[in-house]
Amino acid sequence: AKYESNCPKYLNKRDIHPAATDPKLVSDSATLDQKAMDLIHKVDLMFLSTNSGSHMDTNHRGGSPGFIRCLPQEGGSTQFVYPEYSGNRLYQSLGNMILEPKAGFCFPDFETGDCLFVTGTTEILFGRDAAEIMPRSNLAVRVTITAARHVASVLPFRGDTGEFSPYNPVVRYLATEQAASRADASDQNQITAKLLEQTILTPTISRFRFSLSNAATFKAGQYVTIDASEHLDFGYSHMRDDDPRSLNDDFVRTFTVSSPPGLPPHPSKRLADDEFEITIRKVGVVTDLLFKHGLKKGAEFEVGIKGFGGEFVVEQTEEKPVVAFIAAGVGITPLMPCLTSLELGSLRLLWTLRAADIGLALDMIENAQELARSLTLFVTGMDFASDDDKRSLKNVEEHGVRIEYRRMEKGDLERLMPEVRRWYICTGTGQRSAVLQWLSGQEVLYEDYNF
Ligand SMILES: Cc1cc2nc3c(=O)[nH]c(=O)nc-3n(C[C@H](O)[C@H](O)[C@H](O)COP(=O)(O)OP(=O)(O)OC[C@H]3O[C@@H](n4cnc5c(N)ncnc54)[C@H](O)[C@@H]3O)c2cc1C
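All figures in this text were calculated on a predicted structure; none of them were measured in a lab.

**Q** Tell me about the sheet that holds strand β14 (residues 252-256), residues and numbers included.
**A** Picture the strands of a sheet paired through backbone hydrogen bonds; they go either parallel or antiparallel. The sheet built from six strands is open, its strands ordered β14-β13-β16-β11-β12-β15 with antiparallel pairing. In this open sheet, the two strands that pair with only one neighbour each are β14 and β15 (275-281). On average, each strand axis in the sheet is tilted by 40 degrees relative to the strand beside it, whichever way the strands run. In this sheet, strand β16 (residues 302-309) lies alongside strand β13 (residues 223-227) in antiparallel orientation, the contact comprising five bridges.

**Q** Before we move on, can you summarise helix α8 (residues 358-367) with the specific residues and values?
**A** Among the 10 residues of α8, eight are classified as buried, and the element is accordingly described as predominantly covered. For α8, the complete set of buried residues consists of I358, G359, L360, A361, L362, D363, M364 and I365. Looking at the buried positions of α8, the neighbouring elements they touch are β12 (205-212), β15, β18 (347-354), β19 (375-380) and α9 (387-398).

**Q** Give me the lowdown on the pattern of salt bridges, citing residues and values where you can.
**A** For the structure on display, the rule yields 27 salt bridges. For the salt bridge of R61 with E84, the shortest nitrogen-to-oxygen distance reads 3.0 Å. Note that R61 is positioned in strand β4 (residues 56-62) and E84 in the loop between β6 (79-83) and α2 (92-99), a separation of 23 residues in sequence. The residues R61 and E84 share a single accessibility class, namely buried. Between R207 and D363 there is a salt bridge, and its shortest N-O distance comes to 2.7 Å. Of this pair, R207 sits in strand β12 while D363 sits in helix α8, placing them 156 residues apart in sequence.

**Q** Got a sec to walk through the pairing of strand β3 (residues 45-51)? Specific residues and values, please.
**A** Note that β3 and β4 share seven bridges and pair antiparallel. For F47, the partnering residue across the bridge sits in β4 and is H60. What sits between the antiparallel neighbours β3 and β4 is a turn of four residues, in which G53 has the positive phi angle 105 degrees.

**Q** Report on unusual backbone geometry, specifying residues and quantitative values.
**A** Positive phi values are uncommon outside glycine, yet S153 reaches one of about 45 degrees. Relative to the helices and strands, S153 resides in the loop between β9 (139-152) and β10 (157-161).

**Q** Could you give me a rundown of the site of the ligand, with the residues and numbers involved?
**A** Taken together, 21 residues lie near the ligand, and R253, T254, R281, V286 and T287 sit nearest. Residue R281 places a main-chain N or O atom 2.9 Å away from an oxygen atom belonging to the ligand. Measuring from an oxygen atom of the ligand, one finds a side-chain N or O atom of T333 at 3.0 Å. When isolated, the ligand has an accessible area of 960 Å², and the protein chains bury 68% of it. For the shell around the ligand, the elements supplying multiple residues, two or more each, are β14, β15 and α7 (285-294). The element best represented in the shell around the ligand is β14, accounting for four residues. For the shell around the ligand, the residue count by class is 10 nonpolar, six polar and five charged.

**Q** Tell me about the sheet that holds strand β17 (residues 323-328), and name the residues and values.
**A** Taking strand neighbours across the sheet as the criterion, the six strands line up as β20-β19-β18-β17-β21-β22 in an open arrangement whose pairing is parallel. What marks the edges here is a single partner per strand, and that holds for β20 (402-404) and β22 (444-446). Within this sheet the neighbouring strands show an average axis-to-axis angle of 15 degrees, counted without direction. Bridge count between strand β21 (residues 422-426) and β22: three bridges; the pairing is parallel. Bridge pairing in β22 places W423 opposite V444. Along the sheet face, α8 touches β18 and β19 and points at about 150 degrees away from the line of β18.

**Q** A description of the nonpolar core should follow, citing residues and the corresponding values.
**A** Of all hydrophobic cores here, the largest spans 40 residues; its most connected members are F325, I332, L335, L347, W351, L371 and L377. Counting only elements with at least two residues in this core, the list comes to β17, β18, α8, β19, α9 and β21. Top element by residues in this core is α8. It accounts for six residues. The two domains that each donate at least three residues to this core are domain 2 (190-309) and domain 3 (323-446). Setting aside residues no more than four positions away along its own chain, F325 makes contact with F312, V314, G331, I332, P334, L335, L347, R348, L349, L350, Y424 and C426. A30, L32, F105 and L139 belong to the second largest nonpolar core, which has 29 residues in total.

So, how was this worked out
Residues numbered from 1 in each chain as written. Predicted model: local features only at pLDDT ≥ 70, side-chain atom pairs only at ≥ 80, totals over all residues. Heavy atoms only, no water. Pairing = 2+ DSSP bridges. Helix = DSSP H or I, 4+ residues; strand = E, 2+ residues; numbered from the N terminus. Axes fitted to C-alpha atoms, helices over the stretch in contact; angles between N-to-C directions. Buried < 20%, exposed > 50% of the residue type's maximum accessible area, 1.4 Å probe, protein only. Contact = heavy atoms within 4.5 Å. Salt bridge = Lys/Arg side-chain N within 4 Å of Asp/Glu carboxyl O. Near = heavy atom within 4 Å. Polar contact = N/O pair within 3.5 Å; in protein donor to acceptor, adjacent residues only side chain to side chain. Areas by Shrake-Rupley, 256 points an atom, 1.4 Å probe, with all protein chains shown as cover. Nonpolar A, V, L, I, M, F, W, Y, C, P; charged D, E, K, R; others polar. Core = buried A, V, L, I, M, F, W, Y, C linked by side-chain atoms within 4.5 Å. Domains from an automatic or database assignment.

Okay, structure coming up:
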């Protein structure tokens, strides 16, 4: 048997608890009755089993409740369609469907314990074909049901709804349903944010200030999920040789809010009620879009906001006053909104930064002078440092920051272990695995930027 981990990106959280089963067959037909179709339109998770001829594979698909849509039926077998969001790019299930266009599906109802078991023939819809049936989709699967059993109370567990994945796009209705979906309240409530200002901090890092179409309610340490599909999703395209990845890209991205929320008891907010900031590095298509528009003076630019989420809050408690934060590059952002509520004398900040990014450290120190004494900077890339970078480094040092011109080492953390009660990490995956090993046995929390 082979196991490859599945991507949790589109999974909504649930608290699962055991429940007694009392299975009863509700229906047994390839033409679904209304109850079975209602179940499909209710679920936010389904499982699918495909096979390549020699191997079987079971996988899941998650989304907002209702992301799988039944086609209107005029007798005969029912068909349903679901969008393929950008995933782990392995295309295991889709690859199998090309070899063997048959699949088994299971739609669990976590509330009632009912389950709909389906087998069907599959058809992968690419580009124009996907968009024609399910507008704004580049890739979708249409299933023609060959057998279905709806069984009540069959699941030996129930699941209470928890936090929704911030990555889930809004439900993409079928072209035939669009009129109905326009009247749907959830679509009308889509929030947008207007880009107000870009502040350049380093050649590749800038701070962006946005105002929301309603009040910005987020907690320190949370991220905002931005949907830039309106600007980047060109609907369908059979081939995009210039940017093949965009074919399967939803243009939904996550960035830590770097401004403090100013909720009681720390009313430290310096922005208007409807504003928030993100501090980002230009690395790809969505960040590039923001950098392009931020610098265009006077031009209005808006992006969709899917919401705020996450729980990576840097906190000091009476029992655990001394905390350490280990950051690399823009991994410093989760600390930024927490600074005003922390006792900085009891913060140990170890931050790895390229010399070319020193402007980010200087900006932070100038906004929170007391932070200088808590900070040790590990500066790399001095060979590429410009005269400006060297001046900024000197300036940072004059504020009282300790600067080491080398990588962080195990000894740097060991020295702090006797006093530090909790460690927070926000670095790339490579550095994080090393740090986690060094901190074995310690209380550690980390944020993952490589979702
Ligand atoms: C909870 C959370 C908080 C975050 N907070 C921040 C933050 O505060 N600031 C910040 O700067 N970032 C943050 N990130 C990271 C940010 O979300 C990603 O960098 C995001 O992907 C940027 O979007 P993009 O479209 O500009 O880049 P993408 O196009 O998504 O590219 C991202 C990376 O993938 C690489 N890439 C692009 N195309 C390919 C390809 N075909 N094959 C292989 N690799 C490719 C790019 O070179 C780049 O390194 C956060 C991420 C998470 C999960």
